[in-house]
Amino acid sequence: MRLHDMTGRTVMGVTDATTLGAVTGFLVDPEEPRVAGLRLRKPGGGSTLLAWSAVRAVGADAVMADPDEAGRTARQELGPLAGKRYEITGKRVLSERGEELGAVEDAEFDPESGALVSVSTPGEEIDAGRIAGLGSYALVVRSA
């Protein structure tokens, strides 16, 4: 599944079908590499975070999550990843040699585990196994 395809999807509680929010962004753990959490626009305004571990299913129209785990796991698991630094879309992509490879347009991930499969730039599809680091300035990848 592509991150772009999930943007805007409604996130619903599995126990009571309440709307928890709509997906506006993705937090990536570069160490794994995987989607660690989702940034949500709450119904009525404001934003919140949802840890990937609270996600129960990703469907064609909605994401189902455990509302009881949503707040607790976000604070416990996403603390250090919660800043804009760990957002991936739009970041510059640099090789570890400093070569400019473009900017992240999208990424493919496994909707069950959250594992990143690849990252897309305008000219290249980069295997997620090449990710060396992610910072406020850029996504750094190992040379092919």
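Details of the structure are given in the entry above.
Residues numbered from 1 in each chain as written. Predicted model: local features only at pLDDT ≥ 70, side-chain atom pairs only at ≥ 80, totals over all residues. Heavy atoms only, no water.

Examining the sheet that holds strand 10 (residues 116-120)
Pairing within the open sheet is antiparallel, and its 3 strands lie in the order 9-10-11. Among the strands making up the open sheet, the edge pair consists of strand 9 (106-109) and strand 11 (125-127). Pairwise comparison of adjacent strand axes, ignoring direction, gives a mean angle of 25 degrees for this sheet. Where strand 10 and strand 11 come together, 3 bridges link them in antiparallel fashion. Following the sheet pairing, Ser-120 is matched in strand 11 by Glu-125. (Pairing = 2+ DSSP bridges. Helix = DSSP H or I, 4+ residues; strand = E, 2+ residues; numbered from the N terminus. Axes fitted to C-alpha atoms, helices over the stretch in contact; angles between N-to-C directions.)

Focus on the packing of aromatic side chains
This structure, assessed with the given rule, holds 1 aromatic pair. A ring pair is formed by Trp-52 and Phe-109, whose centres lie 5.8 Å apart and whose planes are at 90 degrees; its orientation type is edge-to-face. On the criterion of sequence distance, the pair formed by Trp-52 in the loop between strand 4 (47-51) and strand 5 (55-58) and Phe-109 in strand 9 is long-range, its members being 57 residues apart. Taking relative accessible area as the criterion, Phe-109 reaches 2% and is therefore assigned buried. (Phe/Tyr/Trp six-rings, centres within 6.5 Å; stacked < 30°, edge-to-face > 60°. Buried < 20%, exposed > 50% of the residue type's maximum accessible area, 1.4 Å probe, protein only.)

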